[in-house]
Amino acid sequence: MTAPAIAPDAIAYDDVTVRRAGNAIVDRVTLKIAQGSFVALTGASGAGKTTLLRLVNRMVRADAGRVRVFGEDVADADPPELRRGIGYASQGVGLFPHWTVAENIAAVPWLLRHAPRRRAARVAELLDLVELPRDFGDRFPRQLSGGQASRVGLARALAAEPRLLLLDEPFGALDPETRVSLADKISELHDLAHLTTLMVTHDLADALTRVQRVIVCDAGRIVADGTPASLVASTHPAVVALIAAPLDQADKLAALRHPELVR
Amino acid sequence: MLPDRLAAHLGVSAAAIALAIVVAVPLVMLLVARPALRGWVLAGAAVIQTVPALALLALFYPLLLVIGEVTQRVAGFGIPALGLLPSLLALALYALLPLLRGGVDGLASVPPETLDAADGIGMTRRQRLIQVELPLAAPIVMGGLRVAAVWTIGAATLATTVGQKSLGDLIFAGLQIEDWSLVVTGCLAAAFLAIIVDMALWRIETGLGERAWGKCLLGLGLLVVLVVGVTGWYWSKRAPVAEGERPVVIGAKSFSEQYILAELIAARLRAQGVPVTIRSGLGSVIAFRALAAGDIDIYVDYTGTLWDSALGNKMPAPRGVMLATLTAELPKRHKVEIAASLGFENAYALAMKRADADRLGIETLADLATAAPRLRMATDTEFQSRLEWRALQAGYGLKFARLTSYTPTLMVRALQSGEADVITAFSSDGRIAADDLKLLADPRGALPAYDAVLLIGPRRPELKARLAGLAGKIPVEAMREANWQVDRDTDKRTVQQAAAWLEARAK
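Worth saying up front: this structure is predicted, and the values here are computed from it rather than measured.

## What about the overall build of chain B?
Point 1. Regarding its fold elements, chain B presents 21 helices and 10 strands.
Point 2. Judged by the C-alpha coordinates and their principal axes, chain B covers about 90 × 60 × 50 Å.
Point 3. When the accessible surface of chain B is summed, it comes to about 21900 Å², and 64% of that surface belongs to carbon and sulfur atoms.

What follows is the structure, given as structure tokens:
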């Protein structure tokens with residue numbers, strides 16, 4: 001037994017199953033993510049990684065088992081309230097096209113009825129944090145580049161100072177240079193804001209050098225879980241395939257074998 | 001005539017669109033929640049759209065009559081089957097498709113990642129709908145609304161045929177008496193309304209898109225001022241009707257003779273201190289049903305028409321038998337009474353240009369039968385479904401090279417321009433003498449008699465005594481002349497002037 005004084009895990013999956021049309025897309029997963037950790041959730045497409053992420057803010061409901069966030073069962077929470085407390089940057093960013101950048105960033109504070117002045121101050125702070133000029137606040141999303149939009153999405157997710165940040169494929173369709181700078185920015189904000197960050201990504205290259213823990217899913221189950229370096233030892237075909245996957249393969253292997261060199 | 005028609009037109013259009021919106025909003029919500037239903041409901045709305053508006057309006061009349069009968073029996077009250085109600089329902093149904101399409105397509109156009117973000121940051125369903133879905137769907141939703149509004153304002157001109165006052169009154173009357181200024185006035189007024197309303201809605205649409213609430217309010221204000229102002233002005237101008245004294249409603253089908261006779265009856269009743277209103281432009285079958293149902297109180301119909309449409313006889317009978325049977329049967333079957341026989345006949349006949357007939361040696365329908373395979377026949381729109389046509393087939397076996405149907409006015413034009421050789425004609429038509437047409441004789445007596453009779457509905461039996469003086473007072477020559485006064489192109493008289501002229505001869 002652990003001592004009761006120890007802080008609960010940021011996220012705890014307890015024997016969780018999600019079924020779609022009779023198939024288990026998340027299959028009896030038990031998993032704990034400690035507070036303050038930076039975790040990448042990866043796997044081939046259809047492996048169930050996004051579903052695992054979306055269980056946390058109840059965008060998906062578990063058919064069996066429990067998901068706890070900071071010790072609270074999400075099934076007992078009011079979904080909008082739960083979600084306002086968790087930073088979420090979705091696949092494709094999903095900025096509201098009819099709202100300005102400032103309004104997009106201030107969306108959650110607005111939902112939480114923060115005062116206009118407090119919201120404006122927070123928007124300015126976040127624009128600085130994601131390194132966008134302050135006058136971008138008046139722009140509309142259509143006037144942003146892909147990288148800029150991703151940064152605004154990140155700022156929106158952090159606006160209400162959540163303790164937990166969920167990122168679903170944050171690098172989407174960005175060009176390599178932008179990916180690197182965004183990954184650095186995420187990593188920096190993770191440390192700065194004392195966040196627990198769970199990030200879904202299908203591409204290990206950007207994550208490996210920055211995260212502390214990589215979880216590999218396959219067919220709804222977890223097939224590998226450990227430090228980036230430990231993955232090399234895995235003999236599971238899904239992990240092997242992932243490591244052997246396309247794109248600058250040599251770099252990846254180098255990063256896996258000698259993370260200290262890349263860092 | 002224009003201001004009150006404009007007000008009534010705007011009123012019925014606005015009410016129909018409002019009703020359609022009230023129906024469409026929950027339907028759109030249902031379709032968004034259950035995409036499986038989408039195909040069915042939209043296909044249903046599309047089918048309604050394929051029914052011509054004119055037919056849709058006409059169909060609501062018998063439907064409401066049946067419903068009215070049921071409510072009368074079950075709950076003890078009837079519902080009006082003529083005028084506002086059928087217009088409202090048919091026009092609303094007609095406006096439904098663009099509204100549903102706009103709503104469904106608009107909401108479906110919101111990108112899924114935007115919806116996911118809205119949920120993910122913790123918006124409630126309601127917040128998501130109001131803050132994200134509606135503003136993003138607005139251009140397409142408003143596009144649908146604009147289409148619906150313009151269609152409805154256009155289609156409302158057809159509400160005239162079910163007895164609803166509208167700008168169609170001007171158009172139908174103008175087409176009939178060939179008063180093109182009347183037709184153009186009606187069309188322009190409808191177009192003007194449509195443009196103003198479309199502009200106001202466009203303002204709301206751009207306002208919503210830009211989140212410029214001032215623009216939205218301006219557009220909304222323009223609509224409210226237009227609808228409330230015009231209809232309100234109209235109501236305030238209406239002559240107050242004494243309690244319990246419903247004016248006598250005089251019906252008229254959509255041709256000159258009917259307009260003139262309605263005015264003549266109106267003048268006679270007014271002279272006796274009876275308040276009256278006229279509902280003109282009614283479809284032929286609708287007029288009789290409206291009388292039987294008490295929606296109108298009096299109108300002029302013809303024995304041959306009634307023989308077929310009211311009594312359901314498929315073969316004609318001799319003149320005397322027809323009149324006697326109708327006089328006896330109509331009160332029993334429909335609670336409708338023949339008050340008087342006016343003294344003239346408006347029978348169907350076939351007519352040719354005199355020069356053509358003489359050249360081909362055609363005097364009678366029997367002569368025509370021989371020449372018919374080389375001739376083109378133009379009929380009015382209802383003739384080919386009438387018993388006269390069957391009677392002509394049975395009596396003479398007419399087979400034409402081509403058979404086309406037109407509105408009566410255009411049918412005459414077709415004959416004049418040489419697009420048709422033979423047309424249907426009415427024996428009281430003023431054009432017969434004026435255009436030098438030859439009516440072909442009917443030696444076998446195939447065509448039935450069409451004596452004009454004054455019909456009185458169940459609600460105002462006292463009208464029989466009030467109008468008894470009209471019996472036999474209108475000879476066919478006088479009727480032809482009165483018709484010609486309004487139908488001719490030069491030295492045209494108004495319907496009221498022709499009615500006054502005829503009244504002077506009917507004393």
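Picking up after the structure, the text goes on.
## Here we look at the domain arrangement of chain B
Point 1. According to the domain assignment, chain B consists of domain 1 (2-237), domain 2 (248-346 + 449-506) and domain 3 (348-439).
Point 2. Its C-alpha centre places domain 1 of chain B at a distance of 43 Å from the equivalent point of domain 3 of chain B.

## Brief notes about the pairing of strand 1 (residues 11-20) of chain A
Within a regular beta strand, the side chains point alternately toward one face of the sheet and then the other, so they alternate between its two faces.
Residues and elements named next belong to chain A.
Point 1. Pairing of strand 1 with strand 4 (residues 64-69), which is carried by five bridges, proceeds in the antiparallel orientation. Opposite Ile-11, over in strand 4, you have Val-69 as the bridge partner.
Point 2. Here strand 1 hands over to strand 2 (residues 23-33) after two residues, with Ala-21 in that stretch at a positive phi of 50 degrees.

## Thoughts on the interface of chain B and chain A
Point 1. In this assembly, 17 residues from chain B lie in contact with 24 residues from chain A.
Point 2. The interface formed by chain B and chain A holds one salt bridge in total.
Point 3. Between Asp-116 of chain B and Arg-54 of chain A there is a salt bridge whose closest N-O contact spans 2.7 Å.
Point 4. Elements with a contribution of two residues or more to the side of chain B that touches chain A: helix 5 (112-120) and helix 6 (125-155) of chain B.

## With respect to the packing of aromatic side chains
What characterises a pair of aromatic rings is the spacing of the ring centres plus the angle enclosed by the ring planes.
Point 1. Counted by the stated rule, this structure contains nine aromatic pairs over all chains.
Point 2. With a centroid separation of 5.7 Å and an interplanar angle of 65 degrees, the aromatic rings of Phe-383 of chain B and Trp-389 of chain B are classed as edge-to-face. By the burial criterion, Phe-383 of chain B is buried, and Trp-389 of chain B matches it.
Point 3. By the ring-pair criterion, three or more aromatic residues cluster together here, those being Phe-255, Tyr-302, Tyr-348, Phe-383, Trp-389, Phe-426 and Tyr-450 of chain B.
Point 4. A cation sits over an aromatic face here: Arg-156 of chain A above Phe-96 of chain A, 4.9 Å from the ring centre.

## Looking at a nonpolar patch on the surface
All names here are of chain B.
Point 1. Residues Leu-217, Leu-220, Val-224 and Val-228 make up a contiguous nonpolar surface patch of about 390 Å² in total accessible area.
Point 2. Within the fold, Leu-220 resides in helix 9 (residues 213-237).
Point 3. Residue class for Leu-220 comes out partly exposed when judged on its relative accessible area of 46%.

## Observations regarding helix 7 (residues 168-176) of chain B
Residues and elements named next belong to chain B.
Point 1. Counting buried residues along helix 7, seven of its nine residues qualify, which places the element largely inside the surrounding structure.
Point 2. Looking at helix 7, one finds that the buried residues are Gly-168, Asp-169, Leu-170, Ile-171, Ala-173, Gly-174 and Gln-176.
Point 3. Where the residues of helix 7 are buried, they touch helix 1 (2-33), helix 8 (180-210), helix 10 (256-271), helix 17 (408-416), helix 18 (431-434) and helix 20 (476-487).
Point 4. Once helix 7 ends, the next one or two residues include Glu-178, with phi positive near 55 degrees.

## Some thoughts on the domain arrangement of chain A
All names here are of chain A.
Point 1. As far as domains go, chain A holds domain 1 (11-85 + 163-262) and domain 2 (96-161).
Point 2. Centre-to-centre, using C-alpha coordinates, domain 1 lies 25 Å away from domain 2.
Point 3. Between domain 1 and domain 2, the contact holds 14 residues from the first and 15 residues from the second.
Point 4. Three residues stand out in domain 1 for area buried against domain 2, namely Arg-84, Lys-185 and Leu-189, and they jointly supply 48% of the buried area on that side.
Point 5. Where domain 1 meets domain 2, there are one salt bridge.
Point 6. A salt bridge links Lys-185 to Glu-131, with the nearest nitrogen and oxygen atoms 2.6 Å apart.
Point 7. Our count for the domain 1 to domain 2 interface comes out at three residue pairs in polar contact (both at pLDDT 80 or more).
Point 8. Counting only elements with at least two residues in the side of domain 1 that touches domain 2, the list comes to strand 7 (164-168) and helix 7 (176-192).

Scoring rules and cut-offs
Numbering of residues starts from 1 in every chain and runs along the sequence as written. Here every chain gets a letter starting at A, and every ligand a number starting at 1, in the order they are written. Only residues with pLDDT of at least 70 get local features here, since the model is predicted, and only at 80 or more are side-chain atom pairs given and counted; chain-wide, interface and lining totals rely on the full set of residues. For the side-chain quantities, the full set of heavy atoms in the structure was used; hydrogens and water were omitted. Only DSSP runs of H or I covering at least 4 residues are called helices, and only runs of E covering at least 2 are called strands; the numbering of each starts at the N terminus. Surface exposure here means Shrake-Rupley accessible area, sampled with a 1.4 Å probe, where a residue is shielded only by the protein chains that are shown. For the domains described, the bounds stem from an automatic or database domain assignment. Pairs of strands are assigned from DSSP output, requiring at least two bridges between the strands. We call two residues contacting when some pair of their heavy atoms lies within 4.5 Å. Take a side-chain nitrogen of Lys or Arg and a carboxyl oxygen of Asp or Glu: if they are within 4 Å of each other, that pair is a salt bridge. When the centres of two rings from Phe, Tyr and Trp lie within 6.5 Å, Trp using its six-membered ring, the rings pair. Their planes under 30 degrees apart give stacked, over 60 give edge-to-face, and anything left gives tilted. Each residue's exposure class comes from its accessible area (1.4 Å probe, protein chains only) as a fraction of the maximum for that residue type: buried when under 20%, exposed when over 50%, partly exposed otherwise. Think of it as a cone above the ring: NZ of Lys or CZ of Arg counts as a charge over the ring if it is within 6 Å of the ring centre and within 35 degrees of the ring normal. Patches here are clusters of residues that have more than 30% relative accessible area and form no salt bridge, with a 9 Å joining cutoff for like charges and a 5 Å cutoff for nonpolar side chains (Val, Leu, Ile, Met, Phe, Trp, Tyr). Accessible-area loss on putting two parts together, using a 1.4 Å probe and summing over both, is the definition of buried area adopted here. Counted as a polar contact is a pair of N or O atoms within 3.5 Å, where, for protein atoms, one must be capable of donating a hydrogen and the other of accepting one, and residues adjacent in sequence contribute only when both atoms are in side chains.

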